Amino acid sequence: MTENKQIKHNLLLNIKRLEGILERIDKFCHNYNQEKVDASVAVLKIKSVIENLREVIPEMSKDVKSIDQEVSEKEIGKD
């Protein structure tokens, strides 16, 4: 059960990271719309943020699979 709590904690942290990433993309787009930054700079910043997404999403998928496996094992044990 402790492992399950840790996995849920990790998922919540990753969700917070995703929210932060989306906020940064919104900020880059807003600044670009306000003509405060060069388009090439905005694209580079967005590419950097997308790399963070590529790191977070597999972690979340792994955590979800782990929770699914634990739930399946519990259901099998009840039968």
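Residues numbered from 1 in each chain as written. Predicted model: local features only at pLDDT ≥ 70, side-chain atom pairs only at ≥ 80, totals over all residues. Heavy atoms only, no water.

Caption draft 1: Representation of the overall build of the protein chain in the model. Helix and strand content of the protein chain: 2 helices and 0 strands. The C-alpha atoms of the protein chain give a radius of gyration of 18 Å, which is well past the 12 Å a tight globule of 79 residues would have. Counting only C-alpha atoms and orienting by the principal axes, one finds that the protein chain spans roughly 60 × 15 × 15 Å. Put simply, 82% of the contacts in the protein chain that link residues at least 6 apart link residues at least 24 apart. Taking the average location of the 14 positive side-chain charges in the protein chain and that of its 15 negative ones, the two points are 4 Å from each other. (Helix = DSSP H or I, 4+ residues; strand = E, 2+ residues; numbered from the N terminus. Rg over C-alpha atoms; globule rule 2.2 N^0.38 Å. Contact = heavy atoms within 4.5 Å. Lys, Arg positive; Asp, Glu negative; His and termini not counted. Charge placed at Lys NZ, Arg CZ, Asp CG, Glu CD.)

Caption draft 2: Quick look at the side chain of N14. You can see N14 is positioned in helix α1 (residues 2–33). For N14, a relative accessible area of 4% corresponds to the buried category. Residues within four places of N14 in sequence aside, it is in contact with V56, E59, M60 and D63. (Buried < 20%, exposed > 50% of the residue type's maximum accessible area, 1.4 Å probe, protein only.)

Caption draft 3: Just the pattern of salt bridges, in detail. Applying the stated rule across the entire model yields 4 salt bridges. Measuring nitrogen to oxygen at the nearest pair gives 3.8 Å for the salt bridge that ties R17 to E59. With R17 in helix α1 and E59 in helix α2 (residues 39–78), the pair connects residues that are 42 residues apart, well separated along the chain. E51 is paired through a salt bridge with R54; the nearest N and O atoms lie 2.7 Å apart. Of this pair, E51 and R54 both sit in helix α2, 3 residues apart, which is roughly one turn of that helix. Since its relative accessible area comes to 53%, R54 is described here as exposed. Taken together, the shared-partner salt bridges connect R17, E55 and E59 into one network. (Salt bridge = Lys/Arg side-chain N within 4 Å of Asp/Glu carboxyl O.)

Remember that the coordinates give geometry; whether it matters functionally is a separate question.
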